[in-house]
Amino acid sequence: MAETSVRDRVPPGQVVTEKFPVLHTGQVPRYRDDLSDWSFRVFGQVERPVTLTWDQFRRLPAREVVVDIHCVTRWSKLGTRWRGVPAARVLEEAGVKPEARFVLVHADPDYTTNLPLADLYRDDVLLAFEFDGRPLAPEHGYPVRLLVPHRYFWKSAKWVRGFELLPQDRPGYWEERGYHNEADPWKEQRYGFF
Ligand SMILES: Nc1nc2c(c(=O)[nH]1)N[C@H]1C(S)=C(S)[C@@H](COP(=O)(O)O)O[C@H]1N2
Ligand SMILES: [Mo]
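Residues numbered from 1 in each chain as written. Chains lettered and ligands numbered in written order. Predicted model: local features only at pLDDT ≥ 70, side-chain atom pairs only at ≥ 80, totals over all residues. Heavy atoms only, no water.

Within an unreviewed UniProt entry, the label attached to the protein chain reads Sulfite oxidase-like oxidoreductase, and the organism entered is Thermaerobacter subterraneus DSM 13965.

## As for the overall build of the protein chain
A count of helices and strands for the protein chain gives three helices and eleven strands. What you see for the protein chain is a C-alpha radius of gyration of 16 Å, in line with the 16 Å of a compact globule of 194 residues. Its C-alpha atoms put the protein chain at 45 × 40 × 35 Å along the principal axes. Within the protein chain, counting contacts between residues at least 6 apart in sequence, those at least 24 apart form 69% of the total. Working note: accessible area of the protein chain is about 9900 Å², and carbon and sulfur atoms make up 48% of it. Seen as two clouds, the 28 positive and the 28 negative side-chain charges of the protein chain have centres 1 Å apart. (Helix = DSSP H or I, 4+ residues; strand = E, 2+ residues; numbered from the N terminus. Rg over C-alpha atoms; globule rule 2.2 N^0.38 Å. Contact = heavy atoms within 4.5 Å. Areas by Shrake-Rupley, 256 points an atom, 1.4 Å probe, with all protein chains shown as cover. Lys, Arg positive; Asp, Glu negative; His and termini not counted. Charge placed at Lys NZ, Arg CZ, Asp CG, Glu CD.)

## What to know about the pairing of strand β8 (residues 126-131)
In terms of residue burial, β8 counts as a mostly covered element, since five of its six residues are buried. In this structure, strand β5 (residues 75-86) lies alongside β8, joined through five bridges in antiparallel fashion. For arginine 83, the partnering residue across the bridge sits in β8 and is glutamate 130. Bridge analysis of β8 against strand β10 (residues 145-147) gives three bridges, and the strand direction is antiparallel. Bridged to alanine 128 within β10 is arginine 145. Note that β8 and strand β9 (residues 134-135) share two bridges and pair antiparallel. The residue of β9 that forms the bridge with phenylalanine 131 is arginine 134. With antiparallel pairing between neighbouring strands as the criterion, β8 and β9 make up a hairpin whose turn holds two residues, including aspartate 132 at a positive phi of roughly 55°. (Buried < 20%, exposed > 50% of the residue type's maximum accessible area, 1.4 Å probe, protein only. Pairing = 2+ DSSP bridges.)

## Details of the site of ligand 1
Surveying the vicinity of ligand 1 reveals 20 residues, the closest of which are Pro21, Thr25, His140, Arg145 and Lys158. In the model, an oxygen atom of ligand 1 is placed 2.6 Å from a nitrogen or oxygen of the proline 21 main chain. The contact in question runs from an oxygen atom of ligand 1 to an N or O atom on the side chain of lysine 158, over 2.5 Å. Of the residues belonging to the shell around ligand 1, the class tally is 13 nonpolar, four polar and three charged. (Near = heavy atom within 4 Å. Polar contact = N/O pair within 3.5 Å; in protein donor to acceptor, adjacent residues only side chain to side chain. Nonpolar A, V, L, I, M, F, W, Y, C, P; charged D, E, K, R; others polar.)

## Concerning the side chain of serine 156
Here serine 156 lies in the loop between β10 and β11 (160-166). Those residues within four positions of serine 156 in sequence are excluded, and the remaining contacts are Arg145, Leu146, Leu147 and Val148.

Shown next as structure tokens:
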């Protein structure tokens with residue numbers, strides 16, 4: 001099978017980097033060593049709101065993906081390797097109501113970002129707990145970050161703590177501050193109107 005050439009993997013206006021820049025607002029959150037102060041909630045338009053402990057979360061089946069990631073600040077990183085629980089698997093725990101169409105992703109410290117619910121059913125959308133075979137670094141989202149490779153990286157919330165299922169779209173932190181609601185790197189949806 002012919003590999004897509006590297007050039008074809010870089011969206012317009014992006015520059016490839018080997019580094020892994022760190023970008024976020026606020027302080028890197030710290031958790032207890034046993035992660036007893038970490039949980040993941042699924043709530044809103046669901047049959048059974050759930051709060052998963054770290055142990056419950058880690059018992060869910062995980063998978064590995066290798067994906068390209070694209071930041072709105074114009075860096076792209078190709079072939080990044082992640083391991084995590086498919087977001088869809090976590091939704092299954094709660095049972096999604098038919099009214100649910102959007103998700104507001106909640107993360108520490110006070111970060112949110114919004115997605116269409118359908119995004120969470122993609123194979124490569126993970127609640128990722130490993131990068132390149134190791135636990136996430138604190139500054140990259142330890143213990144768990146969302147990975148949404150097909151959208152600009154601000155949608156990949158670090159220190160993710162919950163999914164709120166909604167009947168209507170609700171903008172997150174950057175979306176409220178003028179970033180594009182859809183954030184498709186191939187369409188250069190960097191900034192825009194909600
Ligand atoms: N919780 C949280 N997640 C976040 C952010 C943030 O401020 N808080 N920033 C986002 C932005 S704007 C980017 S570009 C990526 C950067 O991820 P990285 O630091 O692992 O490269 O994290 C995203 N996830
Ligand atoms: Mo960003």
